[in-house]
Amino acid sequence: MANIKSQIKRNKTNEKARQRNKATRSALRTHARRFREAVEAGETEKAQEFARIATRELDRAASKRVIHKNQATNRKAKIQSEAAKLG
């Protein structure tokens, strides 16, 4: 445990940020899973909608620096290529 006041405060803010980032990453995984499930079920319209949502959330997470912008781009490309296969 830190003894210095500024470090105690920094630890608190780091923990808040960690929890916020954890929730965002979890939501990203959920959106990607919903998209995959819609693709596997053959529900084209739902899959397209989930692809749009997942893409938007990936962009938002990258802008907040929860994930790296290149990782967001790679994930978006994979989602879009799978969505394009649906037709």
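In case you missed it, the structure is sitting above this.
What you see is a predicted model, and the numbers here were worked out from it, not measured in a lab. Along each chain, numbering runs from 1 in the same order as the chain's sequence is written. For a predicted model such as this one, the threshold for reporting local features is a pLDDT of at least 70, and the threshold for listing and counting side-chain atom pairs is 80 or more; totals across whole chains, interfaces and linings nevertheless cover every residue. Side-chain numbers come from the whole structure's heavy atoms, not from hydrogens or water.

### Looking at the overall build of the protein
A helix here means a DSSP run of H or I that spans at least four residues, while a strand means a run of E at least two residues long, and both kinds are numbered starting from the N terminus. Each helix and strand in the protein was counted, giving 3 helices and 0 strands. Seen in sequence order, the protein has helices and strands lined up from the N terminus as α-α-α. The C-alpha atoms of the protein give 17 Å as radius of gyration, which overshoots the globular expectation for 87 residues (12 Å, by more than 25%). Expressed along its principal axes, the backbone C-alpha trace of the protein runs to roughly 60 × 20 × 15 Å. When we talk radius of gyration, it's over C-alpha atoms, and the globule rule is simply 2.2 Å times the number of residues to the 0.38.

### Let's talk about the environment of Thr24
Within the secondary structure, Thr24 is located in helix H1 (residues 5–41). On the accessibility criterion, Thr24 (27% relative accessible area) is partly exposed. Measuring from C-alpha to C-alpha, the distance between Thr24 and Lys64 comes to 9.9 Å, with 40 residues separating the pair along the chain. The contact rule is simple, with two residues in contact once any of their heavy atoms fall within 4.5 Å. Residue contacts for Thr24: discarding those within four places in its chain leaves Ala61 and Val66. Only protein chains enter the calculation, and the probe is 1.4 Å; a residue is then buried if its accessible area is under 20% of its type maximum, exposed if over 50%, and partly exposed in between.

### Description of the layout of surface pockets
Grid points spaced at 1 Å and placed over the protein atoms alone form the basis of the search, with a cavity being a set where a 1.4 Å probe fits but cannot get out and a pocket an open set showing protein on both sides within 12 Å along at least five of seven lines. Lining residues have an atom within 4 Å of a point. Grid points are joined across faces, edges and corners, and a volume is the space filled by probe spheres set on the points. If you add up the space inside the largest pocket, you get close to 220 Å³. Forming the walls of the largest pocket are Leu28, His31, Ala32, Phe35, Arg36, Ala54, Leu58, Arg75, Lys78, Ile79 and Glu82. Only H1, helix H2 (44–63) and helix H3 (69–86) provide two or more residues apiece to the lining of the largest pocket. A per-element tally of the lining of the largest pocket places H1 first, with 5 residues. Three categories are distinguished: nonpolar for Ala, Val, Leu, Ile, Met, Phe, Trp, Tyr, Cys and Pro, charged for Asp, Glu, Lys and Arg, and polar for the others, with Gly belonging to the last. Of the residues assigned to the lining of the largest pocket, the class counts are 6 nonpolar, 1 polar and 4 charged.

### Things to note about H3
A helix's residues, less one, multiplied by 1.5 Å, set its expected span. Relative to the 26 Å expected for 18 residues at 1.5 Å per residue, H3 spans 26 Å between its end C-alpha atoms, a close match to the ideal helical length. The inward-facing, buried residues of H3 contact H1 and H2. Following H3 by one or two positions, Gly87 adopts a phi angle in the positive range, close to 100°.

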